[in-house]
Amino acid sequence: MFEIRVETDFAAAHFLCDYHGKCENLHGHNYKVFSYVRGVELGQGGMLIDFSLLKKILKTVIDKLDHTNLNDMEIFCGNPSAERIAKFIFDSVLVEAKALGCDLDYFSGKKEPFLYAVDVFETDRNRARYCPDL
């Protein structure tokens, strides 16, 4: 199994409702995002997927989050936790990849390559991962 990882970052504000602590207050993070693609077979040029293509897809998604108040996005239901952000990014990467003609969805009937996981780091020590049940 081959695996590649592309990393990016974004800055955003948020607060958590129904959380009894300091994170109920508006605050911000410099988030780090890792996206992982896996596969068994390499394509042309001996690559699983071109790094620059995956970076382009991820940038398109991250641009929707960068320098925003995440609570303003309905998709997070008023609680933009790192877990929800990771799932949003994962799902959005699949949509953007398909729009560019690159199907990374493991469940679409195509086996390789596929988006395996997305990690969202709020700090260097704290991260959430979304990885669908394969």
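Just so you know, these numbers come straight off a predicted model, no measurement behind them.

Asks: It is not clear to me how the packing of aromatic side chains should be interpreted in this structure. Could you clarify?
Replies: Taken as a whole, this structure holds 6 aromatic pairs when the rule is applied. In this structure, arginine 5 packs its charged tip against the face of phenylalanine 34, placed 3.8 Å from the ring centre. For arginine 38, the ring lying beneath its charged end belongs to tyrosine 116, and the centroid distance is 3.5 Å.

Asks: How should the pairing of strand β3 (residues 114-121) be read in this particular structure?
Replies: Two faces make up the sheet, and in a regular strand the side chains alternate between them. In terms of burial, β3 is largely enclosed, as 8 of its 8 residues are buried. Judged from the 7 bridges that link them, strand β2 (residues 27-39) and β3 form a sheet pairing that is antiparallel. Residue phenylalanine 34 lies in a different strand from β3, and its bridge partner there is aspartate 119. In this structure, β3 lies alongside strand β4 (residues 127-130), joined through 4 bridges in antiparallel fashion. When the sheet's bridge partners are listed, aspartate 119 is paired in β4 with arginine 129. Where β3 hands over to β4, the hairpin turn is made up of 5 residues, counted between the paired strands.

Asks: Would you take a moment to explain the nonpolar core for this structure?
Replies: Nonpolar side chains in soluble globular proteins tend to be buried together. By size, the foremost hydrophobic cluster in this structure holds 33 residues, and its most contacted members are Phe10, Leu65, Ile85, Ile89, Leu104 and Val120. Those elements that place two or more of their residues in this core are β1 (2-14), β2, α1 (51-62), α2 (82-99) and β3. Among the elements that make up this core, the one with the highest residue count is α2 (9 residues). Listed in part, the 6 residues of the second largest apolar core include Phe34, Tyr116, Ala117 and Phe121.

Cut-off values and rules
Residues numbered from 1 in each chain as written. Predicted model: local features only at pLDDT ≥ 70, side-chain atom pairs only at ≥ 80, totals over all residues. Heavy atoms only, no water. Phe/Tyr/Trp six-rings, centres within 6.5 Å; stacked < 30°, edge-to-face > 60°. Lys NZ or Arg CZ within 6 Å of the ring centre and 35° of its normal. Buried < 20%, exposed > 50% of the residue type's maximum accessible area, 1.4 Å probe, protein only. Helix = DSSP H or I, 4+ residues; strand = E, 2+ residues; numbered from the N terminus. Pairing = 2+ DSSP bridges. Core = buried A, V, L, I, M, F, W, Y, C linked by side-chain atoms within 4.5 Å.

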